[in-house]
Amino acid sequence: MNTSATSAHWPPEITLERDGIRLEPLALTHEAGIALAAADGELWSLRFTSVPEPQETGAYIEAALTQRAEGIRFAFAVMDIVRDKFIGSTSYHDIVPAIKRVEIGWTWYAKSYQRSKVNTLCKLMLMQHAFETLGCDVVGWRASHMNFASQRAIERLGAKRDGVLRHHAPIRDGKVRDTVMYSMLAAEWPAAKAKLEARLTQGGATGATLTRDAKITLAEITKDNVNQIVRMNPGAVGERMVATNGISIAQGVYNKNAWFRAVMANETPVGFIMLFDPTLDPEATKAQGDALDSLNIWRLMIEFKHQGKGYGEQVIQRIIDRAKSMPGINTVSLSYVLRDGNAKPFYDRMGFRETGKVTDGEMEMVRDLR
């Protein structure tokens, strides 16, 4: 890694370079390169990015330079050295010299460079410089609550999820996002560095991971897996939609019609499911005024880091198969919260249809088994 420092600001002016990728201070001379890189995928049209539209490129650089002068952001141009080509940008930002803290963000890459080694290289260079040269005690990240790809990428770095700032910042479409906050302490850096180096060496692999082909089963919750189930994170969006697994388990224990299980991928707990099964105690079902012919999915969650692998679909299918095997059960029902980011598109794909009934801000959906 080659470095140079010339500025009185903290962090000082620096250029970082490794494996054909260079991070150099963003300057007005990069304007044409920014425009070309942003046009690779029309990145300004994406909801979550900070990429400037073509007519805003100059203002984008001027804003970054102003923030640099104010000491709150240090923006880099990401360069492909071999092709002598601007391919994206990233920054240190929300800089707090007094406590040796920086955040890494404002990151984007031309579409043709996405899903390559570039992001891993850039993050590794920035984190290594922050911890080993600047002596940072902590490095932070933030992401939109709806930007699942960004959240997973941050978590793969080894960062810890600190929490969510609700209704925190405006986005392009005029809505207001929640912001998911992450951080890594200096003591956590050595282990994270080793994993990042291994990812680069192995072409992205960092050890055995679960895939879409994993076998999904529903297992009893026991003393051996209950802690893992209770601590699961459904993601920032999921937190707004569903009760925690701990609360769900407690509610299930005190309801005679509750049936709940751990969702397992191979031998790894990856989620939680809880049903209202009217057949477990028909008299209690009648007393509560609930339907005797419908199996209701009360809770379903897949841990955030395991989402996007098709596990939810497999769980729903197992519940449908279970319902079909139960005499007298004609429908499977559920509901979703009427908020941005809800699971309606997922349930639509699984064959559920809205009934028009809304209870406590949740829309009921039913799948007819007949």
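Residues numbered from 1 in each chain as written. Predicted model: local features only at pLDDT ≥ 70, side-chain atom pairs only at ≥ 80, totals over all residues. Heavy atoms only, no water.

1. Notes on the overall build of the protein chain
A tally of regular secondary structure across the protein chain gives 11 helices and 15 strands. Taking the principal axes of the C-alpha coordinates as reference, the protein chain spans close to 80 × 45 × 35 Å. Sequence-distant contacts in the protein chain: of pairs separated by 6 or more residues, those separated by 24 or more amount to 62%. For the protein chain, the exposed area adds up to about 18,300 Å²; of that, 51% sits on carbon and sulfur atoms. Taking the average location of the 46 positive side-chain charges in the protein chain and that of its 43 negative ones, the two points are 4 Å from each other. (Helix = DSSP H or I, 4+ residues; strand = E, 2+ residues; numbered from the N terminus. Contact = heavy atoms within 4.5 Å. Areas by Shrake-Rupley, 256 points an atom, 1.4 Å probe, with all protein chains shown as cover. Lys, Arg positive; Asp, Glu negative; His and termini not counted. Charge placed at Lys NZ, Arg CZ, Asp CG, Glu CD.)

2. Structural notes on the nonpolar core
Formed by 53 residues in total, the largest nonpolar core has its most connected members in Leu-26, Tyr-92, Trp-108 and Trp-141. Per-element accounting of this core gives the leading share, nine residues, to helix 3 (residues 118-133). Counting residues in each nonpolar core, the second largest holds 31 residues, with Ile-273, Ile-319, Met-326 and Met-365 among its members. (Core = buried A, V, L, I, M, F, W, Y, C linked by side-chain atoms within 4.5 Å. Buried < 20%, exposed > 50% of the residue type's maximum accessible area, 1.4 Å probe, protein only.)

3. Thoughts on the confidence of the model for the protein chain
On average, residues of the protein chain score 90 in pLDDT, and 94% of them are at 70 or above. Low pLDDT, under 50, characterises residues 1-7; the stretch is placed with 20 contacts to residues that sit more than four places away or in other chains. Overall, residues 204-208 carries pLDDT values under 50, and its contacts beyond four positions in sequence, including any with other chains, amount to six contacts. (pLDDT = per-residue confidence, 0-100.)

4. What about the sheet that holds strand 10 (residues 258-265)?
Strand order across the open sheet formed by seven strands is 9-10-11-12-13-15-14, with mixed pairing between neighbours. Both outer strands of the open sheet, strand 9 (216-219) and strand 14 (353-359), are each paired with one neighbouring strand and no more. If you compare each strand with its neighbour and ignore which way they point, the axes differ by 30° on average. Direction of pairing for strand 13 (residues 331-337) relative to strand 15 (residues 362-368): antiparallel, over a ladder of seven bridges. (Pairing = 2+ DSSP bridges. Axes fitted to C-alpha atoms, helices over the stretch in contact; angles between N-to-C directions.)

5. Looking at the side chain of Asn-225
Structurally, Asn-225 is set in the loop between strand 9 and helix 6 (226-230). Among the polar contacts listed, one links the side chain of Asn-225 to the backbone oxygen of Glu-220, at a separation of 3.2 Å. Excluding residues within four positions of it along the chain, Asn-225 makes contact with Glu-220, Ala-262 and Pro-269. (Polar contact = N/O pair within 3.5 Å; in protein donor to acceptor, adjacent residues only side chain to side chain.)

6. Points about the sheet that holds strand 8 (residues 176-185)
Taking strand neighbours across the sheet as the criterion, the eight strands line up as 1-2-3-4-5-6-8-7 in an open arrangement whose pairing is mixed. Every other strand in the sheet has two partners, leaving strand 1 (16-18) and strand 7 (160-170) as the edge strands with one partner each. In this sheet, neighbouring strand axes are inclined to one another by 25° on average, regardless of whether the strands run parallel or antiparallel. Bridge count for strand 7 against strand 8 is seven bridges, and the pairing is antiparallel. Its bridge partner lying in strand 8, Ala-169 is registered against Arg-177. Sheet strands in contact with helix 2 (residues 57-70) are strand 3 (73-80), strand 4 (85-96) and strand 5 (101-109), and its direction is about 130° off that of strand 3. Sheet strands touched by helix 3: strand 1, strand 2 (21-25), strand 3, strand 4, strand 5, strand 6 (138-144) and strand 8. Its angle to strand 5, the strand with the most contacts, is close to 165°.

7. With respect to the pairing of strand 3
Across the eight residues that make up strand 3, a large majority, eight, are buried. Of the two faces of strand 3, the one holding Arg-73, Ala-75, Ala-77 and Met-79 and the one holding Phe-74, Phe-76, Val-78 and Asp-80 are both buried throughout. By the bridge criterion, five bridges tie strand 2 to strand 3 in an arrangement that is antiparallel. Note that in strand 3 the partner of Arg-22 across the bridge is Met-79. Bridge count between strand 3 and strand 4: eight bridges; the pairing is antiparallel. Counted as the bridge partner of Arg-73 is His-93 from strand 4. Hairpin remark: strand 3 followed by strand 4, antiparallel, with four residues in the connecting loop; positive phi at Asp-84, about 50°.

8. Comments concerning the pattern of salt bridges
For the structure shown, the criterion picks out 16 salt bridges. Where Arg-68 meets Glu-13, a salt bridge forms, and the shortest distance between an N and an O atom there is 3.0 Å. Residue Arg-68 is found in helix 2, and its partner Glu-13 is found in the segment before strand 1; the two are separated by 55 residues along the sequence. We note a salt bridge from Arg-83 to Asp-80, for which the minimum N-O separation is 2.8 Å. Taking relative accessible area as the criterion, Arg-83 reaches 56% and is therefore assigned exposed. (Salt bridge = Lys/Arg side-chain N within 4 Å of Asp/Glu carboxyl O.)

9. Some thoughts on helix 1 (residues 31-39)
Where helix 1 is concerned, the buried positions are Gly-33, Ile-34, Ala-37 and Ala-38. End-on, the buried residues of helix 1 take up no more than an arc of 125°, which puts them together on one face. Exposed and facing more than 90 degrees away from the buried side of helix 1 are Ala-32 and Leu-36. Contact partners of the buried residues in helix 1: helix 2, strand 4 and strand 5. One or two residues past the end of helix 1 sits Gly-41, with phi positive at roughly 105°. (Arc of directions from axis to C-beta.)

10. Thoughts on the packing of helix 3 against helix 5 (residues 189-201)
Two numbers describe how helix 3 lies on helix 5: the axes approach to 11 Å, and their chain directions differ by 155°. Between helix 3 and helix 5, the angle is such that the two are roughly antiparallel. Here helix 3 and helix 5 pass one another in a crossing that is left-handed. Here Thr-120, Leu-121, Leu-124, Met-127, Gln-128, Phe-131 and Glu-132 of helix 3 come into contact with helix 5, specifically with Trp-189, Lys-193, Leu-196, Glu-197, Arg-199 and Leu-200. The residue inventory of the contact of helix 3 with helix 5, partitioned by class, reads seven nonpolar, two polar and four charged. (Parallel < 35°, antiparallel > 145°, perpendicular 65-115°, else oblique. Left-handed = near helix turned anticlockwise from the far one by under 90°. Nonpolar A, V, L, I, M, F, W, Y, C, P; charged D, E, K, R; others polar.)

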